[in-house]
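The chain contents come next:
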Amino acid sequence: MFATVEFVELLERSENLGRMIRDSEVMAAYNSSQEALYQDSETKAKIDAFTAVKEQYEEVQRFGRYHPDYSSIMKEIRSKKREMDMDANVAAFKIAERNLQKLLDEISGTLAATVSETVKAPRSGAAMKDSGCGCGSGGACGCAS
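Residues numbered from 1 in each chain as written. Predicted model: local features only at pLDDT ≥ 70, side-chain atom pairs only at ≥ 80, totals over all residues. Heavy atoms only, no water.

Trainee: Can you tell me about the pattern of salt bridges, naming the residues and giving the values?
Mentor: Where charged atoms of side chains with opposite charge meet at close range, the side chains can pair. One pass over the structure, following the stated rule, counts 7 salt bridges. The shortest N-O distance in the salt bridge between glutamate 9 and arginine 13 comes to 2.8 Å. Highlighted residues: glutamate 9 and arginine 13, both in helix 1 (residues 5–22), separated by 4 residues, approximately one helical turn. Judged by its relative accessible area of 36%, glutamate 9 falls in the partly exposed class. Ionic pairing is found between aspartate 85 and lysine 81, a salt bridge with its closest N-O pair at 2.8 Å. One end of the pair, aspartate 85, and the other, lysine 81, are both in helix 4 (residues 70–86), 4 residues apart, so they sit about a helical turn from each other. Owing to a relative accessible area of 34%, lysine 81 belongs among the partly exposed residues under this scheme. Through salt bridges with shared partners, a single ionic network connects Lys81, Asp85 and Lys94. (Salt bridge = Lys/Arg side-chain N within 4 Å of Asp/Glu carboxyl O. Helix = DSSP H or I, 4+ residues; strand = E, 2+ residues; numbered from the N terminus. Buried < 20%, exposed > 50% of the residue type's maximum accessible area, 1.4 Å probe, protein only.)

Trainee: Lay out the nonpolar core with the relevant residues and their values.
Mentor: The biggest cluster of nonpolar side chains holds 12 residues, and these are Met27, Tyr30, Leu37, Ile47, Phe50, Val53, Ile77, Met84, Val90, Phe93, Ala96 and Leu100. Those elements that place two or more of their residues in this core are helix 2 (25–39), helix 3 (41–61), helix 4 and helix 5 (88–115). With 4 residues, helix 5 is the largest single contributor of residues to this core. Once residues lying within four places of it in the same chain are set aside, the contact partners of valine 90 are Leu37, Thr43, Ile47, Met84 and Asp85. (Core = buried A, V, L, I, M, F, W, Y, C linked by side-chain atoms within 4.5 Å. Contact = heavy atoms within 4.5 Å.)

Fair warning: the whole summary comes from geometry, so function is off the table for now.
Written out as structure tokens, the structure reads:
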């Protein structure tokens with residue numbers, strides 16, 4: 001692809017948009033809440049405990065209900081996940097993460113809609129969800145596929 005003045009200008013504007021997002025309050029909240037996750041020793045211990053049990057869980061999942069530790073691992077992973085999710089730092093991070101994703105989705109949606117009504121854009125944090133429409137128009141065609 002040849003670099004035209006228009007192409008270079010688009011790249012510069014997209015870089016500016018990226019800097020605006022990076023410098024936004026939403027991104028600052030995300031970064032500070034992520035930092036808090038790993039600076040608080042209790043929170044870090046809960047995350048580490050959940051991660052350790054998650055590795056056991058993945059091993060058990062290979063065999064399903066037939067694994068001898070299935071019941072105990074299932075109970076333990078639910079317990080560790082609940083402990084981790086109830087931590088104030090984890091909850092704050094999840095909220096900040098959701099807010100950042102919402103901002104990115106809104107920007108993507110606005111860009112896509114500006115280009116064309118049929119351009120696919122991520123919605124609700126899911127990049128390019130399958131709309132069930134097989135024609136490739138983003139589901140706006142109303143076909144009965």
